[in-house]
Amino acid sequence: VKGLHLLVVEDNKINQVITRKMLNKRDISCDIANNGYEAVDMASKSDYDGVLMDIHMPGISGVEATIEIRKLLP
């Protein structure tokens with residue numbers, strides 16, 4: 001899994017920091033989206049090897065954001 005580039009979607013700042021540290025220890029890079037809207041926007045502009053999605057977030061839920069991100073895939 002070394003070298004992967006992931007999108008982490010998490011509204012809790014502490015969880016963002018912990019997740020980034022855990023991934024970096026395994027040589028996995030990541031971008032952080034604070035909510036589902038940011039996630040969809042970021043996914044439309046960059047290619048990611050995977051997405052770690054929080055389900056319960058303000059605005060659109062992780063489920064709704066995942067549906068929108070999947071629409072962007074070829």
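Preceding this section is the structure that the text describes.
Residues numbered from 1 in each chain as written. Predicted model: local features only at pLDDT ≥ 70, side-chain atom pairs only at ≥ 80, totals over all residues. Heavy atoms only, no water.

**Q** When you look at helix α3 (residues 62–72) in this model, what are you seeing that I'm missing?
**A** An α-helical turn contains 3.6 residues, so any two residues separated by three or four positions project in the same direction. Restricting attention to buried positions, one finds in α3 the residues Gly62, Ala65 and Ile69. Buried positions in α3, seen along its axis, are confined to an arc of 60 degrees and lie on one side of it. In α3, the exposed positions that point more than 90 degrees away from the buried face belong to Arg70 and Lys71. On its buried face, α3 sits against α2 (36–45) and β3 (50–53). (Buried < 20%, exposed > 50% of the residue type's maximum accessible area, 1.4 Å probe, protein only. Helix = DSSP H or I, 4+ residues; strand = E, 2+ residues; numbered from the N terminus. Arc of directions from axis to C-beta. Contact = heavy atoms within 4.5 Å.)

**Q** Teacher, can you tell me more about the sheet that holds strand β1 (residues 5–9) here?
**A** Sheet strands pair by backbone hydrogen bonding; their relative direction is either parallel or antiparallel. Here 3 strands make up an open sheet; going across it, the order is β2-β1-β3 and the pairing parallel. Taken across any chain shown, the strands that pair with only one partner, and hence form the sheet edges, are β2 (29–33) and β3. Put simply, the sheet's adjacent strands are angled 25 degrees from each other on average, direction ignored. Bridge analysis of β1 against β2 gives 5 bridges, and the strand direction is parallel. The partner of Val9 across the bridge, within β2, is Ala33. (Pairing = 2+ DSSP bridges. Axes fitted to C-alpha atoms, helices over the stretch in contact; angles between N-to-C directions.)

**Q** Even after reading the chapter, I still don't get the pattern of salt bridges, so can you show me in this structure?
**A** Side-chain pairs of opposite charge can arise whenever the charged atoms involved come near each other. Counted under the stated rule, the structure contains 3 salt bridges. The salt bridge partner of Asp27 is Lys2, with a shortest N-O separation of 3.9 Å. Linking Asp27 in the loop between α1 (13–25) and β2 with Lys2 in the segment before β1, this pair joins segments that are 25 residues apart in sequence. A relative accessible area of 46% means that Asp27 is categorised as partly exposed. Notably, a salt bridge pairs Glu68 with Lys71, separated by 3.1 Å at the nearest N-O pair. One end of the pair, Glu68, and the other, Lys71, are both in helix α3, 3 residues apart, so they sit about a helical turn from each other. For Glu68, a relative accessible area of 33% corresponds to the partly exposed category. Accessibility expressed as a relative area gives 58% for Lys71, which makes it exposed. (Salt bridge = Lys/Arg side-chain N within 4 Å of Asp/Glu carboxyl O.)

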